[in-house]
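# Summary of the model geometry
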Amino acid sequence: MKTFHSVRWALSLCLATILAACSGGGSGAAATAEGGGSTVAPQWLTGVVAIGKPLAGARVTLRDAVGVERSGGTDADGHFSLDRQGLQPPMLLEAVSNDIRVYAPVFAGDSHVNANQLTSAQLRQLLQQQCGSDACRSAVQTQPLGIPLSAGQVSLAVLTAASFDEDMRLLGLAAGVGSNSSTLRTDLAFRADGTGWDAVLDAHPYTTLAVNTQGISSAGQLLQAPLTTLNLADAPALFQPDVSFATYCKGALSSKVYRAGDVDVYGQASSEALLRETAMLAAAYRAKELARFGLEAASQPRMQVCVDSSKQAGTSGNGLAWAGHYVYVSGVGSDGPAEWRRTLQHEIIHAVVNAATGNTSALYAGGPRMVETWFNEGLALHFAGQDGWLLDSDNWFADTQGHPLHPMDVSTQGMVNGRLGSDMGYYPMYRMIMRQLQHANGGPVNFEQKVRKVLQAVSGKPLAEQPDTFRHAVASELFGGVAYAVYRQQLAGTLRGFVADTTLPLAYRGGNLVSVFRLPAGSTPDCATLVHSSEEAQIVNGNILLPKATGSQLLFLLQSEEMVGGQQHLQYYPLQTVNVQGDILTPAVLDLSGQTTASLQCPA
């Protein structure tokens, strides 16, 4: 989930550079007993069938544990309602329209269940893990699910609502939901309207999702690998860097090792739930970053990740990456699980950048030795989506501001040897540089392609031996042919120009703001919209910076936030609409005087 405090930079104690170096939603479940059962079975089952768009006119069938069926159809919005009285759970919900077929499991306490390509993929994924033969796996992966279920090859009785929905949550995180949001399967607020969960369905079309023995993939990109466990004694020994600053996982490790795809996850003082989540997300993150940087997964060794919850983060997650396939992270810190997940992805990016540049020696204690710190940290921050990136760039080039070095001159050694806290302050600048370069190079797709070329150019060429190789590569690929020294000298002006070219400052008065988010037109201020469909508009020097995009922009203005018991308690002003025409904003100033705030509670 987006952390609503992300606009206020919290210094991450991420050591990877050394080593790379809602309420408002709701659930359609009745009061349940342990295992997902219910004390009172609901009579009706409602839901929405969608594949990004509503599946109108679909035939919906509810088949119970002994084969009894009830059928009906969907309306223009994909809604359906079936009488489930007398049916025995667990049940299979199937919706068919021409050659489209989607599924979801229905458990004892369910009164509302949605069916779509993600619930279908999750169900096939879990059922195939029951198979003992290739014939069974093939049937579950490709045939209508009623066939292997009726044949007794697999069973819904092995599943529970809690276990299915937890895996569904993790699939959503890998697919781009970004938060511990209400489960898609039973989300009463779900609508096939292009926002919220439906935006995630749009990003992973029905025809691109596949399930095979490697797991669930979208357009060939792994989203979720099957999970298994090993006894610690039977797993490969966890690699431990022999350096003083690598202090993670030095104590007694958990008795189980969690394996997902080509990732093994170890733990110290960490819950099974956290290790399970780490394994499933790390496998997806690793696959994503390998593809981003042009590496074949089959050519890479197994990755080891260790979660050390004895090292809780003070304000944000922290960790380190070693060589191309060793990652260590703390437990979830005070800023919540969303930022911890970004830290995990951040470290995995460092490891994959190491692999892409040939910095894979487990004995090497420096790094990043092929690319400079600003580039290495910038990539990890940028692609992990961490923290703010707009700021007064002039303040980052003068000794009086506590940043004695030019951002592009910060070295790995400087961050290790005594200036760690100060140099971490450069992180927002690193990401700002990445944003500017992405903009200058035609957007995300072209930017990623050019970054890949830089990494290929420097592979196997250490900075200590060939320092000009990296600088020539970034100048050629990312600086538009401008010499490295010239880009460095002009950086402050370049960044000021970038901000001026792409944003407009909106003043406000009469109230306090900690964050601002842009919402889709017609949205309501609820958790699902904030999680899935919002975009942060940062506050700089007392102004809200809005993108130069002609038309109206709907703003969610956050007055305050507090983390309480895993929930973010938000106080916000009424939604504000601002019209943009060229360089003109209407209104030019937001007056918040006298406006009454409302409250909202969202999962962290």
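Here, every reference points to the structure presented above.
Cut-offs applied
Residues numbered from 1 in each chain as written. Predicted model: local features only at pLDDT ≥ 70, side-chain atom pairs only at ≥ 80, totals over all residues. Heavy atoms only, no water. Pairing = 2+ DSSP bridges. Helix = DSSP H or I, 4+ residues; strand = E, 2+ residues; numbered from the N terminus. Axes fitted to C-alpha atoms, helices over the stretch in contact; angles between N-to-C directions. Parallel < 35°, antiparallel > 145°, perpendicular 65-115°, else oblique. Contact = heavy atoms within 4.5 Å. Nonpolar A, V, L, I, M, F, W, Y, C, P; charged D, E, K, R; others polar. Buried < 20%, exposed > 50% of the residue type's maximum accessible area, 1.4 Å probe, protein only. Lys, Arg positive; Asp, Glu negative; His and termini not counted. Salt bridge = Lys/Arg side-chain N within 4 Å of Asp/Glu carboxyl O. Polar contact = N/O pair within 3.5 Å; in protein donor to acceptor, adjacent residues only side chain to side chain. Phe/Tyr/Trp six-rings, centres within 6.5 Å; stacked < 30°, edge-to-face > 60°. Lys NZ or Arg CZ within 6 Å of the ring centre and 35° of its normal.

### Topic: the sheet that holds strand S11 (residues 256-260)
- Reading across the sheet, the six strands line up as S10-S11-S12-S13-S15-S14 and stay open at both edges, with mixed pairing between neighbours. Two strands close off the open sheet at either side, each with one partner strand: strand S10 (227-231) and strand S14 (319-322). Averaged over all adjacent pairs, the angle separating strand axes in this sheet is 20 degrees, with direction ignored.

### A few points about the packing of helix H2 (residues 117-128) against helix H3 (residues 134-142)
- Two elements in contact, H2 and H3, have axes whose closest approach is 9 Å; the angle formed by their N-to-C orientations is 170 degrees. On the basis of their axis angle, the class for H2 and H3 is roughly antiparallel. Contacts from Arg 124, Leu 127 and Gln 128 in H2 reach Arg 137, Ala 139, Val 140, Gln 141 and Thr 142 in H3.
- Within the contact of H2 with H3, the residues separate by chemical class into three nonpolar, three polar and two charged.

### A short note on helix H14 (residues 467-477)
- Among all positions of H14, only Thr 469, Phe 470, Ala 473, Val 474 and Ala 475 are buried.
- Buried residues along H14 sit against helix H9 (373-384), helix H13 (444-458) and helix H15 (484-489).

### Quick notes on the sheet that holds strand S2 (residues 59-63)
- Read from one edge to the other, the open sheet built from four strands follows the order S3-S2-S5-S6, with strand pairing classed as antiparallel. For this open sheet the edge positions go to strand S3 (69-73) and strand S6 (100-106), each flanked by a neighbour on one side alone. Geometrically, the sheet is characterised by an average inter-axis angle of 20 degrees between neighbouring strands, direction not taken into account.
- Pairing geometry for S2 and S3, over five bridges, is antiparallel. Within the sheet, the bridge partner assigned to Arg 63 lies in S3 and is Glu 69.
- Here H2 sits on the sheet in contact with strand S5 (91-97) and S6, set at roughly 65 degrees to S6.

### Observations concerning the side chain of Asp 526
- Positionally, Asp 526 belongs in the loop between strand S17 (515-519) and helix H17 (527-532).
- Buried and unpaired, Asp 526 has Arg 191 as its nearest opposite-charge partner, separated by 9.9 Å.
- A distance of 2.7 Å separates polar atoms of two side chains, one belonging to Asp 526 and the other to Thr 524.

### Quick word on the packing of aromatic side chains
- For the structure on display, the rule yields 11 aromatic pairs.
- An angle of 20 degrees between the planes, with centres 4.4 Å apart, marks the rings of Phe 239 and Tyr 326 as stacked. Of this pair, Phe 239 sits in the loop between S10 and S11 while Tyr 326 sits in strand S15 (residues 326-330); the two residues are 87 residues apart in sequence, bridging distant segments of the chain.
- Taking relative accessible area as the criterion, Phe 239 reaches 21% and is therefore assigned partly exposed.
- Residue classification places Tyr 326 among the buried positions, given a relative accessible area of 13%.
- Here the aromatic residues Trp 374, Phe 375, Phe 470, Phe 479, Tyr 484 and Tyr 487 are joined through ring pairs into a cluster of three or more.
- Above the ring of Phe 383, the side-chain terminus of Arg 292 is found at 4.0 Å from the ring centroid.

By themselves these figures say nothing about function.
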